[in-house]
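# Geometric and topological summary
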Amino acid sequence: MDRGEEVQDGPYLGVAASLTGRRWVGPDVGRTRAAEALAQATGLGPALCATLARLGVPAEECAGYLEPTLRELLPDPRSLRDMQAAAARVLRAARGGERIAIFADYDVDGGASAALLIDWLRQMGRTATLYIPDRIDEGYGPNEPAMAELAAGHDLIVCVDCGTLSHGPVAAAAGADVVVLDHHLGGETLPDALAVVNPNRQDEDGALGHLCAAAVVFLMLVEAGRQLRAAGARGPELMDLLDLVALATVADVAPLRGVNRAFVRQGLKVMARRERPGLVALSDVARLDTAPTSYHLGYVLGPRVNAGGRIGQADLGARLLAETDPTTARAMAEKLDALNTERREVEAAVRAAAVAQAEARGLDAPLVWAAGEGWHPGVVGIVASRLKELTNRPAIVIGLDGDTGKGSGRSVAGVDLGASIQRLAGEGLLLKGGGHRMAAGLTVARAAVEPAMERLAELLARQGAGQGGAADLRLDGLLMPGAADVEMILALDRAGPFGQGAAAPRFAFGDMGITFAKRVGESHLRIGFGDGTGPALGAIAFGAFDGPLGPALLDHRGRRFHLAGRLELNEWQGRRSVQLRLEDAAVASS
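Below, the structure is looked at part by part.

### What about the state of the cysteines?
Taken as a whole and assessed by the stated rule, the structure comprises zero disulfides. Free cysteine: Cys 62, not disulfide-bonded; nearest cysteine sulfur from Cys 49 at 6.7 Å. Residue class for Cys 62 comes out buried when judged on its relative accessible area of 3%. Take Cys 159: it sits in no disulfide, and the sulfur closest to it among the cysteines is that of Cys 162, at 5.0 Å. On the basis of relative accessibility, which here comes to 0%, the residue Cys 159 falls in the buried class.

### Quick notes on empty space enclosed by the protein
Counted according to the given criterion, the structure contains one cavity of 30 Å³ or more. Of the voids in this model, the largest cavity is the one considered here, and its volume is about 40 Å³. Lining the largest cavity, in full, are Tyr 106, Asp 107, Gly 111, Ile 132, Val 305, Gly 309, Ala 314, Gly 317 and Ala 318. Of all the secondary-structure elements, those providing two or more residues to the lining of the largest cavity are α13 (294-311) and α14 (316-322). Among the residues forming the lining of the largest cavity, the class breakdown is five nonpolar, three polar and one charged.

### Description of unusual backbone geometry
Of note, the amide linkage connecting Gly 496 to Pro 497 takes the cis form, showing an omega dihedral of 5°. Relative to the elements of secondary structure, Pro 497 occurs in the loop between α19 (486-493) and β14 (507-520). Not every positive phi belongs to a glycine, and Arg 287 is a case in point at roughly 60°. Judged by relative accessible area, Arg 287 falls into the exposed class, the value being 67%. Positive phi is not limited to glycine here, since Asp 511 has a value of about 55°. Here Asp 511 is to be found in strand β14.

### Notes on the side chain of Asp 531
When you line up the elements, Asp 531 lands in the loop between β15 (524-530) and β16 (537-541). Buried charge without a salt bridge: Asp 531, with Arg 560 as the nearest opposite-charge side chain at an N-O distance of 6.7 Å. Setting aside chain neighbours within four positions, we find Asp 531 in contact with Met 480, Pro 481, Met 512 and Arg 560.

### Things to note about the packing of aromatic side chains
Evaluated as defined, the whole model comprises four aromatic pairs. Ring centres 5.6 Å apart and planes at 80° place the aromatic pair Phe 218 and Phe 263 in the edge-to-face group. On the criterion of sequence distance, the pair formed by Phe 218 in helix α9 (residues 213-230) and Phe 263 in helix α11 (residues 259-272) is long-range, its members being 45 residues apart. Between Arg 261 and the ring centre of Tyr 65, over which it is positioned, the NZ or CZ distance is 3.7 Å. The positively charged end of Arg 519 is found above the aromatic ring belonging to Phe 545, 4.0 Å away from the centroid.

### Focus on the environment of Glu 237
Checked against the element boundaries, Glu 237 lands in the loop between α9 and α10 (242-251). Judged by relative accessible area, Glu 237 falls into the partly exposed class, the value being 41%. In this structure, the C-alpha to C-alpha distance between Glu 237 and Lys 406, residues 169 residues apart in sequence, is 41 Å. Within the local environment of Glu 237, its side chain forms a polar contact with the backbone nitrogen of Met 239, the two atoms lying 3.0 Å apart.

### Quick look at helix α2 (residues 46-55)
Of all 10 residues in α2, nine are buried, a share of seventy percent or more. Listed as buried for α2 are Ala 47, Leu 48, Cys 49, Ala 50, Thr 51, Leu 52, Ala 53, Arg 54 and Leu 55. Considering only its buried residues, α2 is in contact with α1 (29-42), α3 (62-66), α19 and β14. Gly 56 occupies a position one or two residues after α2 and carries a positive phi of about 75°.

### Here's the deal with the packing of α11 against α13
Close contact between α11 and α13 brings their axes to 10 Å; oriented N to C, the two are set at 70°. Here α11 is positioned roughly perpendicular relative to α13, judged by the angle of their axes. Along the contact surface, α11 presents Val 264, Leu 268 and Met 271, while α13 presents Ser 294, Leu 297 and Leu 301.

### Regarding the packing of helix α5 (residues 83-95) against α9
Here α5 crosses α9 at 70°, and the two axes come no closer than 9 Å. Classified by the angle their axes make, α5 and α9 are roughly perpendicular. Considering how the two elements wind past one another, α5 and α9 form a crossing that is right-handed. Facing Met 83, Gln 84, Ala 87, Ala 88, Val 90, Leu 91 and Arg 95 of α5, the residues of α9 in contact are Val 216, Leu 219, Met 220, Glu 223, Ala 224, Gln 227 and Leu 228. Its residues placed into classes, the contact of α5 with α9 shows 10 nonpolar, two polar and two charged.

Calculation criteria
Residues numbered from 1 in each chain as written. Predicted model: local features only at pLDDT ≥ 70, side-chain atom pairs only at ≥ 80, totals over all residues. Heavy atoms only, no water. Disulfide = S-S within 2.5 Å. Buried < 20%, exposed > 50% of the residue type's maximum accessible area, 1.4 Å probe, protein only. 1 Å grid on protein atoms, 1.4 Å probe; cavity = no way out; pocket = protein on both sides within 12 Å on 5 of 7 lines; lining within 4 Å. Points joined across faces, edges and corners; volume = space filled by probe spheres on them. Helix = DSSP H or I, 4+ residues; strand = E, 2+ residues; numbered from the N terminus. Nonpolar A, V, L, I, M, F, W, Y, C, P; charged D, E, K, R; others polar. Lys, Arg positive; Asp, Glu negative; His and termini not counted. Salt bridge = Lys/Arg side-chain N within 4 Å of Asp/Glu carboxyl O. Contact = heavy atoms within 4.5 Å. Phe/Tyr/Trp six-rings, centres within 6.5 Å; stacked < 30°, edge-to-face > 60°. Lys NZ or Arg CZ within 6 Å of the ring centre and 35° of its normal. Polar contact = N/O pair within 3.5 Å; in protein donor to acceptor, adjacent residues only side chain to side chain. Axes fitted to C-alpha atoms, helices over the stretch in contact; angles between N-to-C directions. Parallel < 35°, antiparallel > 145°, perpendicular 65-115°, else oblique. Left-handed = near helix turned anticlockwise from the far one by under 90°.

Have a look at this one:
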């Protein structure tokens, strides 16, 4: 969560209701003074200092924050319980030629975690069986039939991004050792596995609770490397695996603080080298022609990796990430891209119905939720995320089928959804439920949906859910078009990577004239704008014609506007320019 969240009393630039119905909120006097003090102490630019002040970075920590390194930030893997035993068992299986199976979740974090292990084992001269359950037929996590079948043909089963609450399935793996590498909230007891490495076990101190599963797997590989060196051997180069850790960290909405910033910063550099055939193929089919950023991980690559687990072949994303043949990877990437297009269509229908239902119920409660007959379980999580973004409240979306419903939830900063879902399951209002702070899944009896959601709203309200404005657009300050140059964007990028818990800077441009406006495709808008004293700045507004923003700016009739959004570099034929990713606008009062 961004620190320094105090805000001004009145709406920023007087915008109480923008074209999209939002209230603009800018920095208060305290944060403005903090930014000025940072600029004086460090000599950094005002826009960068405004961002650092909002993130709560003191002057003495700025240098380290702007250059996060694994050397400084990587925790000792042995600070996690069971880590040495887990690494030793995986290492013994790899060096001894044992039969190894990997049981992974069907999302990006699970797929990247599996690919990490597959890649490392391959470099150790071993192969592994990959098993990812079908989302609809089997549901999340290990199940008893699958684990029993894997145990019959393998010596070691490694559960990644799952397994912490799987007491029965782990017990069913008779004859095989089970190692769990996970990050979901643990219960009062742990399954009877050889090792359960999880920073969110109840007997951990929570210091590493912000890690995703792929980061936990990476730490296990670091410990395995340490044990190899102690035995006089040398293991694979782990830094080359950080592209997978970065992808999982951003796609799983892990907070970008501490070592996670270093994981993503370094992982993006590895990804830019274009050495992993699966990610190269996926980038190409997505027409990603610039150096990857955290935005691309979360909104371009991540959804495509996820598409197989959502509505198609559950293991396709993981297999793509681990693939070594470019031709095979290209075919997989094209399949995932097609599935992602299909996913968008399914999602659009569910989203429209869910938003209408939630609006009818009211958007000001601590919890926003919707449930519908036959809603595809593979898209309810995405729709929950859309509801969360729309309302600034935790959201749950449930697909009903027969006597039960399967749902998914997304939370806002400062509200632990996973713990509340787990408590609900403990109280008997859910058939099954779990997750982590920002995301959770549940299975509920149809008859219990209403009382379960009422109780969940109570639990979330105790954590402060629903207190913020549902339509606030937070801004870091005011800029003139002439100040938005390439050098300033490069300086702002030093405060990244941006994502969960460290939002990218968003600025306002006040009283701008529209120099041109053009519709792009079905729903996007491209404009030029300026203050009349210098060159115009370009802007792109994605989905602008899905609401009132596009029509109002296209038919501007000479009116002047306040504009708000995030600045980015646009690279074309070796030339770099600045453009605004336009998010909102308001008519400037005359």
